[in-house]
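Spelled out from the first residue to the last, the chains are:
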Amino acid sequence: MALEKRWMKVVVPLVVVGAMLAGCSGGGGEAAPTSSATSGPPSEPTGTLRINWGSAPSTWAPGARIEPGYYYVPYESLVLLGDNNEILPNLATEWVEEPMALTLTLRDDVTFHDGTPFNAEAVKTNLEYVRDNPGAYSGPLQAIASIDIVDEYTAKINFKFPAPTFLTMLTRNNVLIASPTAIADGTILTEPVGTGPWKYDAANSVDGTKWAFTLNEDYWGDPVYFENVELYAIADDTSAVAGLLGNELDVTDIENDQFSRIEGVENIDWYDYNAVRNNVVFFDRAPGGVFGDVDVRKAICSTLDMEAYQQFDPMTLEVPNQHFLEGEVGYNPDIVGYPADLDEAADLLGDATVEATFPAAPFLKGQIEFFADQMNQLDGVDITVQDLAVPDFQSTWNTGKYALGIGQNPEITPFDWYSSWFASTARQNPSKYESPELKAAADAAKAAGSSEEADALWQEVMKIIIDDEALACGFAVGGQRIGWNTDTVAGVQESTQPYMINLIDYRTVYPVVSE
């Protein structure tokens, strides 16, 4: 499917790309040496890693939904997610989880790129900033009642209600830690200031086109292999592949219609991975709303032939009947979902009529048109697709202006998915409606904390959301293809963070050098 990845498209004509890359490469350092042989990672950072993620960040503020591939160059998370969902230390070294609190012990040897100390006050500033600024990731942070500064390197997060997976949420890009100085003066909106191994280089950046980063000499962690990183926003897929083939880019995402250009090319390698999961969500769901009747929602869901959609879009890797896959916390084997059945849909709709506008950005247009056509098979249903420029889509699609929409759902725990989309306080529930049944089930699951019964209770919450109330349907897991030039770089591999669009493990990539 067309992945939800290009929040700020920058259209770059093909003839301009070569000049753009050539013109931009000189300031930030030399490109990676070109050779088909490698002796392994260098002993010291060297060269420039040049990556295209096809989009331009609209902001660098914490908690914004921008491409993770941009965020993870200057920023870091408090903790990391390891194998089998094990929580690993990062900026936070230790933690104590209680039913109504989480206490974090922080590293005492970290400084932000602007010289601001990293400490408990910085963590408090970041968490409160994301919580208090409406955005895609603010929902789960509504659990925070207050944050105590125990001492310079200890922060205690107090909850309004049990938040058993809050620590797992902190492994995501929900709260990547930025300088409180840059947050306070507002410069964080346009210039990232984090704690990562590379710091922003404004002098060698080009607004809307290229973001340059240079080595953070004071970095606290393990050394990286590149001295510089250049991130590009080449929205034209043909041009991006041309840059890869022409040794002007080291890494880029590859759209399915461009795959034939790299398949079998000796010096180009690639991999696919599960990058995004999205679904239809009904926003105007309160009684009296366009989708206030549960049978109407179920009727719409029953029109969607997801197997046909998977054939339509070859980059759709799975079409599950629910948000969580088997083996993930939150998966409920008793969920039935909505197998395509037009007769059942017609019976559920009855004499009701539905008129709604389905907002579509360019990267989602194919999927939304496909779904709208299927919905419109029902007599009495008139779903109109409205094309929006990416900035307009980003700022309006889930605000309540539209009765339904399709969007990325990156949440990896049921608490986070519920808190982000379905709770009455969820930022992405503009109706603010939550049925008494759903609220009671979610309250019981939250109250269970991390006890043995909690998993079963969250499974029940998922069943209410999907089977009982049809608040979401049309689930799809989309893949992404990452390609790289083996003459210039090696060690390219997936990030350990699941369901992250446009992201590689930057710390494993190294320049190819002659033996």
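Structure's up top.
Every value quoted in this text rests on a predicted model; they were computed, and no experiment measured them.

(A) Structural view of the overall build of the chain. In terms of helices and strands, the chain carries 15 helices and 19 strands. Its C-alpha radius of gyration of 23 Å places the chain within 12% of the 24 Å reference for a compact globule of 515 residues. Along the three orthogonal principal directions, the C-alpha set of the chain runs to about 70 × 55 × 40 Å. Taken across its 515 residues, the chain has 57% of its residues classed as buried.

(B) Representation of the nonpolar core within the structure. Counting 142 residues, the largest nonpolar core has Leu-170 and Tyr-506 as its most contacted members. Ranked by residue count, the leading element in this core is strand β17 (residues 472–485), at seven residues. With residues up to four places along the chain from it excluded, the contact list for Leu-170 reads Ser-77, Leu-78, Val-79, Leu-102, Leu-104, Leu-127 and Val-175. In this structure, Val-241, Ile-254, Ile-262 and Ile-268 belong to the second largest nonpolar core, which totals six residues.

(C) Spotlight on the packing of aromatic side chains. According to the stated counting rule, one finds 29 aromatic pairs in the structure shown. Ring geometry for Tyr-225 and Tyr-510: centres 6.0 Å apart, planes at 80 degrees, overall edge-to-face. Taken together, the positions of Tyr-225 in the loop between β9 (210–215) and β10 (228–232) and Tyr-510 in strand β19 (residues 510–511) put the pair 285 residues apart, joining distant regions of the chain. For Tyr-225, a relative accessible area of 25% translates into the label partly exposed. Accessibility expressed as a relative area gives 14% for Tyr-510, which makes it buried. Between the aromatic rings of Trp-397 and Trp-421, the centroid separation amounts to 6.0 Å while the plane-to-plane angle is 50 degrees, which identifies the pairing as tilted. Remark: Trp-421 occurs in helix α13 (residues 414–421) and Trp-397 occurs in the loop between α12 (390–396) and β16 (404–408); sequence separation between them is 24 residues.

(D) Local environment of the packing of helix α14 (residues 436–447) against helix α15 (residues 454–468). Look at α14 against α15: their axes get within 8 Å of each other, and the N-to-C directions meet at 160 degrees. Here α14 is positioned roughly antiparallel relative to α15, judged by the angle of their axes. Crossing angle aside, the handedness with which α14 passes α15 is left-handed. Residues Glu-437, Leu-438, Ala-441, Ala-442, Ala-444, Ala-445 and Lys-446 of α14 pack against Leu-457, Trp-458, Val-461, Ile-464 and Ile-465 of α15. Its residues assigned to classes, the contact of α14 with α15 shows 10 nonpolar, no polar and two charged.

(E) Up close: the state of the cysteines. Scanning the entire structure with this criterion turns up one disulfide. Across the disulfide, Cys-301 is cross-linked to Cys-473 (sulfur-sulfur distance 2.2 Å). Across the S-S bond linking Cys-301 and Cys-473, the dihedral sits near -85 degrees, which makes this disulfide left-handed. Residue Cys-301 is found in helix α8 (residues 294–301), and its partner Cys-473 is found in strand β17; the two are separated by 172 residues along the sequence.

(F) Summary view of the pairing of strand β15 (residues 381–387). Judged from the seven bridges that link them, strand β14 (residues 354–360) and β15 form a sheet pairing that is parallel. Counted as the bridge partner of Ala-360 is Asp-387 from β15. Once you follow β14 into helix α11 (residues 365–375) and on to β15, the crossover reads as right-handed.

(G) Broad picture of the pairing of strand β5 (residues 101–106). Among the six residues of β5, five are classified as buried, and the element is accordingly described as predominantly covered. Pairing of strand β4 (residues 92–98) with β5, which is carried by six bridges, proceeds in the antiparallel orientation. Along β5, the bridge assignment pairs Val-96 with Thr-103. Here β4 folds back onto β5, and the loop between the two strands holds two residues. Across five bridges, β5 lies against strand β7 (residues 154–159) in antiparallel orientation. If you follow Thr-103 over to β7, its bridge partner there is Lys-156.

The rules behind each value
- Residues numbered from 1 in each chain as written.
- Predicted model: local features only at pLDDT ≥ 70, side-chain atom pairs only at ≥ 80, totals over all residues.
- Heavy atoms only, no water.
- Helix = DSSP H or I, 4+ residues; strand = E, 2+ residues; numbered from the N terminus.
- Rg over C-alpha atoms; globule rule 2.2 N^0.38 Å.
- Buried < 20%, exposed > 50% of the residue type's maximum accessible area, 1.4 Å probe, protein only.
- Core = buried A, V, L, I, M, F, W, Y, C linked by side-chain atoms within 4.5 Å.
- Contact = heavy atoms within 4.5 Å.
- Phe/Tyr/Trp six-rings, centres within 6.5 Å; stacked < 30°, edge-to-face > 60°.
- Axes fitted to C-alpha atoms, helices over the stretch in contact; angles between N-to-C directions.
- Parallel < 35°, antiparallel > 145°, perpendicular 65-115°, else oblique.
- Left-handed = near helix turned anticlockwise from the far one by under 90°.
- Nonpolar A, V, L, I, M, F, W, Y, C, P; charged D, E, K, R; others polar.
- Disulfide = S-S within 2.5 Å.
- Pairing = 2+ DSSP bridges.
- Right-handed = clockwise from strand over helix to strand, strands pointing away.

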